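# Remarks on the overall topology
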Amino acid sequence: MVVRDGQIVGKGHNQVERLGDPTAHAEMLAISAACSTLGTKYLDGCTLYVTLEPCPMCAGAIVWAKLSRLVYGAFDEKAGAASTLYDIPQDGRLNHRVETVSGVMAEESADLLRQFFLARRTPGGDGAPR
């Protein structure tokens, strides 16, 4: 979710499979919703909260949207681009840097994600944690 001045201005959840769109990550959808709500392409003064460390695509969008802050829980050893494999939000070669807070409730976030994907892999699973 994207928050500004204590108010949620954008929300999203992973819709890659549902929409058949590899760009439909939670971060991308939350950023788009926040831009629509605020009527701007720049999200300065906003914080993005996500369960999992953003991938390179999402980390790039976070920078281009000029978010002020990124807060995430679990680290992503396979595709993490906000500290694990890359650090796109803090890369000094880009036009904007994003304050990043990582590992917030990391174990709880990782467990939530494990439960979600376990449910998805179960026949008839709807993705809801069980």
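Now for a description of the structure that goes with this document. Everything numeric here is computed off the predicted structure, so don't read it as measured data.

### Thoughts on the state of the cysteines
- Following the criterion strictly, the structure yields zero disulfides and no others.
- Counting only cysteine sulfurs, Cys-46 is the nearest neighbor of Cys-35, a cysteine outside any disulfide, at a range of 8.3 Å.
- Classification of Cys-35 by relative accessible area gives buried; the value is 17%.
- Not engaged in a disulfide, the cysteine Cys-55 finds its nearest cysteine sulfur in Cys-58; these two sulfurs lie 3.7 Å apart.
- Classification of Cys-55 as buried rests on a relative accessible area of 14%.

### Some points on the packing of aromatic side chains
- By the definition in use, this model includes one aromatic pair.
- When the centroid spacing of 5.7 Å and the interplanar angle of 85° are considered together, the rings of Tyr-72 and Phe-75 count as edge-to-face.
- Over the ring of Tyr-42 we find Lys-66, and its NZ or CZ is 4.9 Å from the ring centre.

### Thoughts on the environment of Val-3
- As for its placement among the helices and strands, Val-3 is situated in strand 1 (residues 2-4).
- Spatially, the C-alpha atom of Val-3 lies 8.7 Å from that of Gly-45, the residues being 42 residues apart in sequence.
- When sequence neighbours within four positions are dropped, the list of residues in contact with Val-3 reads Ile-8, Val-9, Gly-45, Cys-46, Thr-47 and Tyr-49.

### A look at the sheet that holds strand 4 (residues 69-74)
- Judged by pairing direction, the sheet is mixed, and its five strands sit side by side in the order 2-1-3-4-5 without closing on themselves. Sheet topology places strand 2 (7-10) and strand 5 (99-101) at the edges, where each strand pairs with a single neighbour. With strand direction ignored, the average angle separating the axes of adjacent strands in the sheet is 30°.
- Pairing geometry for strand 3 (residues 46-52) and strand 4, over five bridges, is parallel. Within the sheet, the bridge partner assigned to Thr-47 lies in strand 4 and is Arg-69.
- Set on the sheet, helix 2 (residues 26-38) makes contact with strand 1, strand 2 and strand 3; between it and strand 2 the angle comes to about 105°.
- Lying over the sheet, helix 4 (residues 106-121) contacts strand 3 and strand 4, oriented at roughly 70° with respect to strand 4.

Basis of the calculations
Residues numbered from 1 in each chain as written. Predicted model: local features only at pLDDT ≥ 70, side-chain atom pairs only at ≥ 80, totals over all residues. Heavy atoms only, no water. Disulfide = S-S within 2.5 Å. Buried < 20%, exposed > 50% of the residue type's maximum accessible area, 1.4 Å probe, protein only. Phe/Tyr/Trp six-rings, centres within 6.5 Å; stacked < 30°, edge-to-face > 60°. Lys NZ or Arg CZ within 6 Å of the ring centre and 35° of its normal. Helix = DSSP H or I, 4+ residues; strand = E, 2+ residues; numbered from the N terminus. Contact = heavy atoms within 4.5 Å. Pairing = 2+ DSSP bridges. Axes fitted to C-alpha atoms, helices over the stretch in contact; angles between N-to-C directions.

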